[in-house]
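Structural characterization, general
One letter stands for each residue in the lines below.
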Amino acid sequence: MTTANAALGSQMSSEGHWFHPVEPSSDASIRLFMLPHAGSGAIIYRDWERLLPPDIAPQAVTLPGRHNRRDEPTYEEFWPLLDALHEAVLDDLDERPFAFFGHCLGAQLAFRLAIKMEQEGGPAPIMVGMSGWSPVGFFQPTAEQSRMPEPELVEWIKKLGSFPAEIYDNPEMLALVVPALRADLRVAAQYEDDGAGVTCPLASYGGRSDPLQEAPDAMTHWADRTPRHLGHNEYEGGHFYIDTHAQAVTAHFAHRLQRLAAAAAR
């Protein structure tokens, strides 16, 4: 990671706060909570605010243990993390409709968060975007992999292209990334698919050569998880296709979200 990106990362969350920016735009009529991949934080969505239309107010999630929250203890269990995230979202909501978008572990959390909110009968998202993960046919880490010696772990994330190339030869940056990544791998390892789904519309996104997609039809399973499936959208690239196709993904997602919000307002 470059010095500039490291500095940006330190600004992408405020200590103790789950969301960046802390206050969503008051001019927007729709809110969007964006959840990042394992080991990362709000920084992966740093371009989305300028790419999304002004009527959508994005807030990216930073979990404890990274960026300006790195002095906070990380969560290492899936369901306690989901409960804490659920409480944080509920505390932050206002009267505006909202949606979730998640990539990789962020997609797992966004999906289960939507399920939990619908089951409780309170506020719930009007749309969910799933990127780089499916409950069927996708790689799931094991607890043992989260404990790999650091050289092996670094080689593994290199193959995934999980972080900018500069980070791998920078001991200071690795020292920041690796503990959060290990915690997130342990979280993901505990997830067990129970076949649950959501009632709200859902759209999925992925890279054509994603090394974590173990079954060719993995993303087709989203059609079974909602009665209002908006289709799967595929782009050139691997697991982090989203870095190079952010403009296309945001345009597609925003268009559908705007239409849903308009329909709900009528």
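Check the entry above for the structure.
These remarks concern the structure in this document. All of these numbers come straight from a predicted model, not from anything done at the bench.

1. Some words on the packing of helix α3 (residues 78-92) against helix α4 (residues 105-120)
At a minimum axis distance of 10 Å, the contact between α3 and α4 shows a crossing angle of 65°. By the angle between their directions, the pair α3 and α4 is classed as roughly perpendicular. Where α3 crosses over α4, the two elements pack in a sense that is right-handed. Residue-level contacts link F78, W79, L81, L82, D83, L85, H86, V89 and L90 of α3 to Q108, L109, R112, L113, K116, M117 and E120 of α4. Partitioning the contact of α3 with α4 into residue classes produces 10 nonpolar, 2 polar and 4 charged.

2. Here's the deal with the side chain of D184
Here D184 is to be found in helix α7 (residues 171-189). D184 gets classed as buried once you look at its relative accessible area, which sits at 1%. Beyond its immediate sequence surroundings of up to four residues, D184 is in contact with H37, A38, G39, S40, L63, R66 and L105.

3. Quick look at the pairing of strand β4 (residues 98-103)
Most of β4 sits out of view: 6 of its 6 residues are buried. Neither face of β4 is exposed, since F98, F100 and G102 on one face and A99, F101 and H103 on the opposite face are all buried. Note that strand β2 (residues 30-35) and β4 share 5 bridges and pair parallel. The partner of L35 across the bridge, within β4, is G102. Two strands pair when backbone bridges link them, and β4 and strand β5 (residues 128-131) are joined in this way by 4 bridges, in the parallel orientation.

The rules behind these values
Residues numbered from 1 in each chain as written. Predicted model: local features only at pLDDT ≥ 70, side-chain atom pairs only at ≥ 80, totals over all residues. Heavy atoms only, no water. Axes fitted to C-alpha atoms, helices over the stretch in contact; angles between N-to-C directions. Helix = DSSP H or I, 4+ residues; strand = E, 2+ residues; numbered from the N terminus. Parallel < 35°, antiparallel > 145°, perpendicular 65-115°, else oblique. Left-handed = near helix turned anticlockwise from the far one by under 90°. Contact = heavy atoms within 4.5 Å. Nonpolar A, V, L, I, M, F, W, Y, C, P; charged D, E, K, R; others polar. Buried < 20%, exposed > 50% of the residue type's maximum accessible area, 1.4 Å probe, protein only. Pairing = 2+ DSSP bridges.

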